[in-house]
Amino acid sequence: MAAQRRALPRGPDSAGPGPGRGGRRHSSARKGRLQQDPRGRWLKAAILLLLSAAAGGGLVVWSRVRSQDGIPEGGIPADGVTEGGIAADGVTEGGIPADGVTEGGIPADGVTEGGIPADGVTEVLAHRSDHLRDKFIEIPCSEDYDSHKRFAGCTPRKCGRGVTDAVITREEAERIRRIAERGLSLGGSDGGASILDLHSGALSLGKHFVNLYRYFGDKIQDIFTEEDFALYRDVRQRIQQRIAQVFGISSSAMYLTKPTFFSRMNSTGAKTTHDEYWHPHVDKVTYGSFDYTSLLYLSDYSEDFGGGRFVFMDADSNKTVEPRAGRVSFFTSGSENLHRVEKVQWGTRFAITISFTCDPEHGIGDPLLA
């Protein structure tokens, strides 16, 4: 996979289900979609995907910003600051409603298709104190994948969810967290959820988003090092290989896709709808290209923060994952893995969401510092 330069990605971004794209939708999802302009550039400003606490971060609200000759759609100034970070019709890039949509594509009303409530009986799938080499639960695949092009040897036929503490070490997680902390020190949301996307350059700043590569320029060289980006790539590759192994597919058939980003969550009240990361969602419903989602946790539940657990919402009960530094939660991205993240009650929760597609047209490269 070719490495990605820090310039904004060209061409229309892959989106979740919408007119002409197929796929199931939550009843609360907005019907309107922005018309795509092939001449434009797209910057995906993510806001807080980490919704699924235990999984690592979930997918947050991503604002759609079209950039042409460095000037994003909607009259966004050349310094990369968006006007609220929201497209004019309230629909974000990827067809995500700007209100209440979080990690992976979350319906605004918090009620999932099929009427499954956010509360209910809870079982702990992974305690923070556990050290799990591999824990995997196979579940029937949803019909979501039937509405998209299938790719032999990759599109899920075996579905489920897994947790492992044996892929990334705690020391590596701490190093990755320091990368996130340095990057987020350049900005941060006024609310409780901030994102940093090293691929597109999207960074929360107040109530807006900026492209940190454009906005901070050469200062980036003082924030990140080549070793940081090399570690980032290595961690991504190992997670990708473990997912491929568990689901019985070739890792070479999988492609990193967007949004892939760091999330930082705390108990500060929401200032905009982008800060509302706790709503239930299905990743593939919002991002049609998603096939496998993973989250790497960078902090510890009950030590670094309270609340913020990742919750799989099943018909019979909720299954929770308690984050711990170095823990990887991964799952197929369809409706079989409806999930949410609890509100953080105290402290700060860090995670990185790493997403994969089987469609090479929606693949992205690893970020490069130079």
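Above this note sits the structure.
Calculation criteria
- Residues numbered from 1 in each chain as written.
- Predicted model: local features only at pLDDT ≥ 70, side-chain atom pairs only at ≥ 80, totals over all residues.
- Heavy atoms only, no water.
- Helix = DSSP H or I, 4+ residues; strand = E, 2+ residues; numbered from the N terminus.
- Buried < 20%, exposed > 50% of the residue type's maximum accessible area, 1.4 Å probe, protein only.
- Lys, Arg positive; Asp, Glu negative; His and termini not counted.
- Salt bridge = Lys/Arg side-chain N within 4 Å of Asp/Glu carboxyl O.
- Expected span 1.5 Å × (residues − 1).
- Disulfide = S-S within 2.5 Å.
- Polar contact = N/O pair within 3.5 Å; in protein donor to acceptor, adjacent residues only side chain to side chain.
- Axes fitted to C-alpha atoms, helices over the stretch in contact; angles between N-to-C directions.
- Parallel < 35°, antiparallel > 145°, perpendicular 65-115°, else oblique.
- Left-handed = near helix turned anticlockwise from the far one by under 90°.
- Contact = heavy atoms within 4.5 Å.

Visitor: Looking at this model, I keep getting lost on the side chain of Asp-283. Mind explaining?
Guide: Tracing the chain through its elements places Asp-283 in helix 5 (residues 283-286). Among buried charged residues, Asp-283 stands out as having no salt bridge; its nearest opposite-charge side chain is Lys-284, 10 Å away.

Visitor: How should helix 4 (residues 226-247) be read in this particular structure?
Guide: Three or four residues apart is the spacing at which side chains of an α-helix point the same way, because the helix has 3.6 residues per turn. The terminal C-alpha atoms of helix 4 lie 32 Å apart, and with 22 residues this matches the ideal 32 Å at 1.5 Å per residue to within 8%. Gly-248 lies just past helix 4 and shows a positive phi near 70°.

Visitor: Sorry, what's going on with the state of the cysteines here?
Guide: Joining two cysteines, a disulfide is a covalent bond between their sulfur atoms. The final tally for this structure, using the stated rule, is 2 disulfides. The side chain of Cys-141 participates in a disulfide bridge whose partner is Cys-159; the two sulfur atoms lie 1.9 Å from each other. Its torsion about the S-S bond being 105°, the disulfide of Cys-141 and Cys-159 is classed as right-handed. Residue Cys-141 is found in the loop between strand 7 (135-139) and strand 8 (159-164), and its partner Cys-159 is found in strand 8; the two are separated by 18 residues along the sequence. Residue class for Cys-159 comes out buried when judged on its relative accessible area of 1%. Put simply, Cys-154 and Cys-358 are joined by a disulfide, and their sulfur atoms are 2.0 Å apart. Torsion about the S-S bond of the Cys-154 and Cys-358 cystine: about -80°, corresponding to left-handed handedness.

Visitor: Is there a simple way to think about the environment of Gly-365 in this case?
Guide: Its place among the elements puts Gly-365 in the segment after strand 20 (344-357). Note: C-alpha distance between Gly-365 and Thr-257 (108 residues apart in sequence) is 8.2 Å.

Visitor: Looking at this structure, I do not really get the environment of Asp-197. What am I missing?
Guide: Take Asp-197: it is sitting in the loop between strand 10 (193-196) and strand 11 (202-206). The spatial distance from the C-alpha of Asp-197 to the C-alpha of Ala-180 is 9.5 Å, given a sequence separation of 17 residues. A distance of 2.7 Å separates the side chain of Asp-197 from the backbone nitrogen of His-199, its partner in a polar contact.

Visitor: What should I look at first to understand the packing of helix 1 (residues 170-184) against helix 4 in this one?
Guide: In a pair of packed helices, the angle between the axes and the distance between the axes together describe the arrangement. Running from N to C, helix 1 and helix 4 cross one another at 125°; their axes reach a closest spacing of 10 Å. Between helix 1 and helix 4, the angle falls in the class oblique. Between helix 1 and helix 4 lies a crossing of left-handed hand. The residues of helix 4 that touch helix 1, namely those facing Glu-172, Arg-175, Ile-176, Ile-179 and Arg-182, are Asp-228, Leu-231, Tyr-232, Val-235 and Arg-238.

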